[in-house]
Structures are given as C-alpha cells and as structure tokens.
Amino acid sequence: MIEFPKDFLWGAATSAYQVEGENSNSDWWEWEKRGRGKEPSGQACRHYELYKEDFDLAKSLNHNTHRLSVEWSRIEPQEGVFSDKELAHYQQVLTALRERNLKPLVTLHHFTNPVWFSRIGGWENKRSIDYFLRYTKRVVEALGNQVEYWMTINEPLVYAYHAYILGVWPPEKKSVFAARRVSRNLARSHIASYRLIHRFYKDKGYPAPKVSIAKNMQAFVACQDTLRNRLAVGLRDRGFNFDFLNCLARNRSLDYIGVNYYSRNLVEALNWGVRSLCVDTCQKNHRPLKKNSLGWDIYPEGLYQLLVKLKRYNLPIIVSENGICTEDDELRWEYISSHLLAIHRAMQEGSQVKGYLYWSLLDNYEWDKGFTPRFGLVEVDYNSFTRRTRESARKFAQVCKSARLDNGIH
Ligand code: IFM
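We now turn to the structure provided with this report. What you see is a predicted model; the values in this text were computed from it and never measured.

**So, the site of the ligand**
Here is step 1: Lining the immediate environment of the ligand, one finds Gln18, His110, Phe111, Asn154, Glu155, Tyr262, Trp296, Glu321, Trp359, Glu366, Trp367 and Phe375.
Here is step 2: A distance of 2.8 Å separates an oxygen atom of the ligand from a polar side-chain atom of glutamine 18.
Here is step 3: The separation between an oxygen atom of the ligand and a polar side-chain atom of histidine 110 is 2.8 Å.
Here is step 4: Considered on its own, the ligand offers 280 Å² of accessible surface; in the complex 95% of this is hidden by protein.
Here is step 5: Looking at the shell around the ligand residue by residue, the class counts come to six nonpolar, three polar and three charged.

Written out as structure tokens, the structure reads:
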C-alpha cells in the first residue's frame, strides 16, 4: 500500500470548448462550419447547462479539485466588447464548485480563440500579447475573488505544432517560422499575464495566487541506442519539454509547474537531417507497449522520469492532465493506477508533486478526432446527454478518499 499526503489535490480536468457546446464565436466553430475536422462539436456535452450535475458527479467521486477553462470567445465575442452575462455565468460555475468543496484551477486559454482575434492574425500578431492581457484583466477582475490557482495557457507548443506546423488545426498553417512567432507570443503573453494577476491580487489584498501554464511533456525514448537516436532524444527533450519552461522560469513567472503527460515518443532518426532528428519515430513496432484507442503508447515510466527531471526547478508540480481514451475500462484503471505509482515513486525521490487531475471528467470533443476517443471517468451518451459513471472512476474515487493505493505490497 502506498500513501499520498493528506492535502493532495485529487480531481479531473475539462476544457470549455470540449464540453460546453455551442461555442459559436470561436475560431474552431468557424473551422468546423467549413467542414474541417472529423465532425462538429455542436452541443458537445451540454456542460454549459449541466455543470451543476457534472460537479455533483465529481463530488460523489471524492474529488477535491477541478480544472476547467473559461472560453475567451464567449467572454469577449467582439474586439473590446466583454460580456457581463458570460462573466456572470463563470462566476456561478465557480460558486457551484466551491459549494461542493471543489477547488477550482482555472485555465484562461485552451486552444480556442475568438473569431475576431483569429481574423487579425491570431497569435502571429505581435499585438496578441496586449489582447490577451486585456482579456486576462477582465477575467481576473470578475473571478479573482474565487480563484487561487490559475493556468494562463494550455499546452502552448502542442497548439503551435498542430495549428502552425502540422496544419491540422485552425488556422492550418504549415510554417516553422509562424510556429516560432506564435510560441514566442504565447510565452510573452504568459509572462505579462502572470505579472498582471499577481499585481491584481496584491492591490486587492488577496492571498498571493498560484499561476502557471499546463505544459505537455512527452517521454522521448531511443528505439535503438545509437548516437543519432541519442542526439535526437536530447534535441526533442530540450526543444519540446524544457525550452519553454526554461524561458518562463528565467522570467520568474512560474509559481508551480502544471504537467500534462500521456505517452512516449519512440525515437528513430533515419538520417542526420534536422527533420529526421526532430520528427521521425519508430514505425516498425519495436518495443511494443499497450496503447490507447488513438495508438499512443502507455508508458508510466516516462512520467516518473520527467517528474524527477523537473526537480531542477525546485517548484511544486501538479499533474494537470493524465488520462487514456479507451473502450476498455479495465485498461483505464490500469493506466491510472500505474501512473499514480510512477508519481509516488518520483515523490519518494524528492519530486514535489501536489496533485493529480485525470483527463477528463467526461467523455468529450477530442478536437480534430471528434467524439470517438473516450477519455472520461464518466461516459456521455451524445444523444440523450445522460452520464454514466465508469467502474474506473469508482476505483479512482477510493484513492481520492483514502489517499492510498494498493501496490500489491502489504
Ligand atoms: O483533449 C486534449 C486536451 O485538450 C489537451 N491535452 C490532451 C488532451 C487529450 O488529447
């Protein structure tokens, strides 16, 4: 039996666009209307109306924390025009969480933008930093009295990679230069927002907030131990996992580190070209592992290794996303429990992990992959919008309640 600290944060995460439904002022909505992606998000999980029921479920599963995002395109549907109605909605959402003793962790940007913002160049535009700052200010003024934990931006490099290099998300660009501009503007926006949020809390006399980003991290593993693969692993680990965090840490803009971890990238660089060193993965099914329904390897060891490496920042860590899409609920529990064991092992070695948030509370809209991948602790029927708690969610609920997990050793 292993034990976690009594004050550990336990819960799940969602993002507005993936669960709320009808986010019709967003660039994603417009993109879907043009027939892009697998299917439109439509009503998603109708969480915009059903949030109280969903938080009742989280409460019944012994969660004490919930990560959510607020939707910029609802709050500022036109440039400079803020919606008091939508801000009031999110105030009610936060009140509903607090009434259930669920600590909110609020993300300001989770992949989607207002249409007006994307029309003026989105994150490529230098002025994106000012726009994001103005939005942050309004949100923090409206919600600051209810929030201790903020995440400014979710997975900045995943966003830049999909939208500006692979070109599979709006605005479908394929330019390394554009992606670099975007990631630079995202980093600057975070740093400016971090400072604004801290200043606001100080001026109001509120206790200091905790502000970070959600950083997607991957385990890069050499398929075969060759010099070229080792070089490729080093480049990817640095470029994808650490450079962005290093920049934020240098600018003293992290109070904790949010880690989103899912899988391993099995590196096999086929030649010495930059593309090969940075992108090629093993296609020969060497070193096979169990996979989720999207084909991602299940590799808890990678989370352990990353958490140990993150000790270099000497900051608290929250695992802000970790989860599996699968039709096999036993595999879901195997995934959760093995990753919790990995976290505990890293904590034994000095990693300051303070919480674990499963992705996701509900089955939801998985971006360009549509509704097929099932990540939820709770199953959603997309015809009737009824919810059904999965067995894995009940097992996880026992851990949340007792802060203990059976590791087979008694
Ligand atoms: O659904 C996404 C989420 O929006 C960001 N992190 C990864 C999840 C699973 O792909």
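**What about the environment of arginine 127?**
Here is step 1: Along the polypeptide, arginine 127 turns up in the loop between helix H6 (115-119) and helix H7 (128-143).
Here is step 2: Distance from arginine 127 to arginine 138, taken between C-alpha atoms, is 17 Å for residues eleven residues apart in sequence.

**A short note on a positive patch on the surface**
Here is step 1: A cluster of basic residues, Lys126, Arg180, Arg184 and Arg188, forms a positive patch at the surface.
Here is step 2: Tracing the sequence through the fold places arginine 180 in helix H9 (residues 176-204).
Here is step 3: Since its relative accessible area comes to 52%, arginine 180 is described here as exposed.

**Here's the deal with the packing of aromatic side chains**
Here is step 1: Summed over the entire model, instances satisfying the criterion amount to 39 aromatic pairs.
Here is step 2: With a centroid separation of 6.1 Å and 70 degrees between ring planes, the pair formed by phenylalanine 200 and tyrosine 201 is classed as edge-to-face.
Here is step 3: According to the relative accessible area criterion, phenylalanine 200 is buried, its value standing at 16%.
Here is step 4: In this structure an aromatic cluster arises from ring pairing among Tyr17, Trp28, Trp31, Phe111, Tyr159, Tyr164, Trp169, Tyr365, Trp367, Phe371 and Tyr382.
Here is step 5: Arginine 46 extends its terminal NZ or CZ atom over the ring of phenylalanine 385, reaching a point 5.2 Å from the ring centre.
Here is step 6: One Lys or Arg, lysine 215, reaches over the ring of phenylalanine 240 and ends 4.3 Å from the middle of that ring.

**Comments concerning the pattern of salt bridges**
Here is step 1: According to the stated counting rule, one finds 32 salt bridges in the structure shown.
Here is step 2: A salt bridge links glutamate 334 to lysine 290; the nearest nitrogen and oxygen atoms lie 2.9 Å apart. Here the residue glutamate 334 occupies a position in helix H13 (residues 329-348), and lysine 290 occupies one in the loop between helix H11 (274-279) and helix H12 (300-309), the gap between them amounting to 44 residues.
Here is step 3: A relative accessible area of 38% places glutamate 334 in the partly exposed class.

**Overview of a nonpolar patch on the surface**
Here is step 1: Where nonpolar side chains cluster on the molecular surface, the patch consists of Tyr161, Ile165, Leu166, Val168, Val176 and Val279 and spans about 420 Å² of accessible area.
Here is step 2: Within the fold, isoleucine 165 resides in helix H8 (residues 156-165).

**Structural notes on the side chain of serine 351**
Here is step 1: Along the polypeptide, serine 351 turns up in the loop between H13 and strand S9 (353-359).
Here is step 2: Look at serine 351 and you get buried, because its relative accessible area is 4%.
Here is step 3: A polar atom in the side chain of serine 351 sits 3.2 Å from the backbone oxygen of leucine 307.
Here is step 4: In this view, serine 351 contacts Leu307, Lys311, Ile317 and Ala346; residues no more than four positions away in its chain are not counted.

**Some thoughts on helix H14 (residues 391-402)**
Here is step 1: Between the first and last C-alpha of H14 there are 17 Å, a value that for twelve residues agrees with the 16 Å anticipated at 1.5 Å per step.
Here is step 2: Among the residues making up H14, those that are buried are Ser392, Ala393, Phe396, Ala397, Val399 and Cys400. The arc enclosing the buried residues of H14, seen along the axis, measures out at 160 degrees, which places them on a common side.
Here is step 3: The inward-facing, buried residues of H14 contact strand S2 (9-13), H13, S9, strand S11 (387-389) and strand S12 (404-405).
Here is step 4: Where H14 terminates, the next one or two residues include alanine 403, which has phi positive at roughly 60 degrees.

**Comments concerning the environment of alanine 16**
Here is step 1: Structurally, the position occupied by alanine 16 is in helix H1 (residues 16-19).
Here is step 2: Expressed as a C-alpha distance, the spacing of alanine 16 and lysine 85, which sit 69 residues apart in the sequence, is 16 Å.

**Concerning the pairing of S2**
Here is step 1: Of all five residues in S2, five are buried, a share of seventy percent or more.
Here is step 2: Relative to strand S3 (residues 65-69), S2 is paired through three bridges, and the arrangement is parallel. Bridge pairing in S3 places alanine 12 opposite histidine 66.

**Observations regarding the environment of lysine 137**
Here is step 1: Position of lysine 137 among the secondary structure elements: in helix H7.
Here is step 2: Measuring from C-alpha to C-alpha, the distance between lysine 137 and serine 193 comes to 8.1 Å, with 56 residues separating the pair along the chain.

**As for the sheet that holds strand S5 (residues 149-154)**
Here is step 1: Read around the closed barrel, the eight strands follow the order S2-S3-S4-S5-S6-S7-S8-S9; overall the barrel is parallel. Within the sheet, the average angular offset between the axes of one strand and its neighbour, ignoring direction, is 30 degrees.
Here is step 2: Judged from the four bridges that link them, strand S4 (residues 103-109) and S5 form a sheet pairing that is parallel. Its bridge partner being in S5, valine 106 is matched across the sheet by tryptophan 150.
Here is step 3: Where H9 meets the sheet, its contacts fall on S4, S5 and strand S6 (210-222), and the angle it forms with S5 comes to roughly 165 degrees.
Here is step 4: Contacts from H12 reach S6, strand S7 (257-267), strand S8 (317-321) and S9, with the element oriented near 125 degrees to S6.

**Describing the nonpolar core**
Nonpolar side chains in soluble globular proteins tend to end up buried together.
Here is step 1: The biggest cluster of nonpolar side chains holds 131 residues, and the ones touching the most others in it are Trp10, Trp150, Leu310, Leu340, Ile343, Tyr356 and Phe396.
Here is step 2: A total of ten residues in this core trace back to one element, the largest contributor, which is H9.
Here is step 3: When neighbours within four sequence positions are excluded, phenylalanine 396 is seen to be in contact with Trp10, Gly11, His63, Trp333, Ile336, Leu340, Tyr356, Tyr358 and Leu377.
Here is step 4: Counting eight residues, the second largest nonpolar core, distinct from the first, contains Leu9, Leu105, Ala214 and Leu357.

So, how was this worked out
Residues numbered from 1 in each chain as written. Predicted model: local features only at pLDDT ≥ 70, side-chain atom pairs only at ≥ 80, totals over all residues. Heavy atoms only, no water. Near = heavy atom within 4 Å. Polar contact = N/O pair within 3.5 Å; in protein donor to acceptor, adjacent residues only side chain to side chain. Areas by Shrake-Rupley, 256 points an atom, 1.4 Å probe, with all protein chains shown as cover. Nonpolar A, V, L, I, M, F, W, Y, C, P; charged D, E, K, R; others polar. Helix = DSSP H or I, 4+ residues; strand = E, 2+ residues; numbered from the N terminus. Patch = residues over 30% accessible without salt bridge, like charges linked within 9 Å, V, L, I, M, F, W, Y side chains within 5 Å. Salt bridge = Lys/Arg side-chain N within 4 Å of Asp/Glu carboxyl O. Lys, Arg positive; Asp, Glu negative; His and termini not counted. Charge placed at Lys NZ, Arg CZ, Asp CG, Glu CD. Buried < 20%, exposed > 50% of the residue type's maximum accessible area, 1.4 Å probe, protein only. Phe/Tyr/Trp six-rings, centres within 6.5 Å; stacked < 30°, edge-to-face > 60°. Lys NZ or Arg CZ within 6 Å of the ring centre and 35° of its normal. Contact = heavy atoms within 4.5 Å. Expected span 1.5 Å × (residues − 1). Arc of directions from axis to C-beta. Pairing = 2+ DSSP bridges. Axes fitted to C-alpha atoms, helices over the stretch in contact; angles between N-to-C directions. Core = buried A, V, L, I, M, F, W, Y, C linked by side-chain atoms within 4.5 Å.

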